[in-house]
Amino acid sequence: MTVDDYNKCVDEHADGLYRFMLKHVRDTEKARDLVQDAFTKVWLKVEEIDGAKAKSYLFSTGYHTMIDMFRRDKKQGSFDEVKPERMAHSDQYSDLNELLHQALETLPEVQKSVVLLRDYEGYSYEEIGEICSLTEAQVKVYIFRARKALKDYIGSIEAII
């Protein structure tokens, strides 16, 4: 990959990678840091990366960087582990988007990742498999299970509205 290819990669894929990270971490600063780390890692290997596969390599690097951050944060713990808004219960939801985000938070990380990559970012099963180091069959299974869990969590749309 040349420097021009790298700059083109930044221009074309920075926003998509940021959206992907933000959906996972739900913190703008952490998402920006993860994107920056991913591009830094790509820059360090710019000579070794094929320009045609830069997008896939970038998202794979970003995904693995995010997983490393989750593992690091899980070991450290947090003083504010209990969130009051999660303890409250409401029978009526006024925001479907909020409900969907809550449902996504209940999924295991790998299921959340594949659903976000497929439904939010529009990647093919093959591309998702490359990014997450899964086979195409595993990707399909994880997406099926995630969608089923989301459906079970949300229930019928008529009950919500």
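Criteria and thresholds
- Residues numbered from 1 in each chain as written.
- Predicted model: local features only at pLDDT ≥ 70, side-chain atom pairs only at ≥ 80, totals over all residues.
- Heavy atoms only, no water.
- Helix = DSSP H or I, 4+ residues; strand = E, 2+ residues; numbered from the N terminus.
- Buried < 20%, exposed > 50% of the residue type's maximum accessible area, 1.4 Å probe, protein only.
- Areas by Shrake-Rupley, 256 points an atom, 1.4 Å probe, with all protein chains shown as cover.
- Expected span 1.5 Å × (residues − 1).
- Polar contact = N/O pair within 3.5 Å; in protein donor to acceptor, adjacent residues only side chain to side chain.
- Patch = residues over 30% accessible without salt bridge, like charges linked within 9 Å, V, L, I, M, F, W, Y side chains within 5 Å.
- Salt bridge = Lys/Arg side-chain N within 4 Å of Asp/Glu carboxyl O.
- Phe/Tyr/Trp six-rings, centres within 6.5 Å; stacked < 30°, edge-to-face > 60°.
- Contact = heavy atoms within 4.5 Å.

### Some details on the overall build of the protein
1) Next: Across its full length, the protein carries nine helices and zero strands.
2) Next: Tracing the protein from N to C terminus, the helices and strands come up as α-α-α-α-α-α-α-α-α.
3) Next: Considering the protein as a whole, with its 161 residues, one finds that 33% of them fall into the buried category.
4) Next: Split by element, the accessible area of the protein, about 10500 Å² in all, is 50% carbon and sulfur.

### Things to note about helix 2 (residues 28-44)
1) Next: With 17 residues, helix 2 extends 24 Å between its outermost C-alpha atoms, agreeing within 8% with the 24 Å of an ideal straight helix rising 1.5 Å per residue.
2) Next: Structurally, the start of helix 2 carries an N-cap: the backbone nitrogen of Glu 29 is 3.1 Å from a side-chain oxygen of Asp 27.

### Some points on a nonpolar patch on the surface
1) Next: Where nonpolar side chains cluster on the molecular surface, the patch consists of Val 3, Trp 43 and Leu 44 and spans about 330 Å² of accessible area.
2) Next: Tracing the sequence through the fold places Trp 43 in helix 2.

### A closer look at the packing of aromatic side chains
1) Next: In this structure the tally under the stated criterion is four aromatic pairs.
2) Next: Geometrically, the ring pair formed by Phe 20 and Phe 59 is tilted, given 6.0 Å between the ring centres and 55 degrees between the ring planes. With Phe 20 in helix 1 (residues 3-25) and Phe 59 in helix 3 (residues 54-76), this pair connects stretches of sequence that are 39 residues apart. A single burial state applies to Phe 20 and to Phe 59, both of which are buried.

### As for the pattern of salt bridges
1) Next: A complete count under the given rule lists seven salt bridges for this structure.
2) Next: For Glu 105, the salt bridge goes to Lys 112, with nearest N and O atoms at 3.0 Å.
3) Next: Here Lys 140 makes a salt bridge to Glu 136, at a shortest N to O gap of 3.8 Å. Remark: Glu 136 and Lys 140 occur in helix 8 (residues 136-154); sequence separation between them is four residues, near one turn of the helix.

### A look at unusual backbone geometry
Among all residues except glycine, the phi angle is most often negative; among peptide bonds, the trans geometry is most common.
1) Next: The phi dihedral of Arg 26 falls on the positive side, at around 55 degrees, and the residue is not glycine.
2) Next: Mapped onto the elements, Arg 26 comes out in the loop between helix 1 and helix 2.
3) Next: The exposure class assigned to Arg 26 is partly exposed, which follows from its relative accessible area of 47%.

### Considerations on the environment of Ser 56
1) Next: Relative to the assigned elements, Ser 56 resides in helix 3.
2) Next: In the structure, Ser 56 is positioned 71 residues away from Glu 127 in sequence and 6.9 Å away in space, judged by C-alpha atoms.
3) Next: For Ser 56, the residues in contact, after removing those within four places along its chain, are Glu 130 and Ile 131.

### With respect to the side chain of Lys 112
1) Next: With respect to the secondary-structure elements, Lys 112 resides in helix 6 (residues 109-120).
2) Next: By relative accessible area, Lys 112 is classed as buried at 1%.
3) Next: Here Glu 105 takes part through its side chain, which lies 3.0 Å from a polar atom of the side chain of Lys 112.
4) Next: Beyond its immediate sequence surroundings of up to four residues, Lys 112 is in contact with Lys 23, His 24, Leu 104, Glu 105 and Leu 107.

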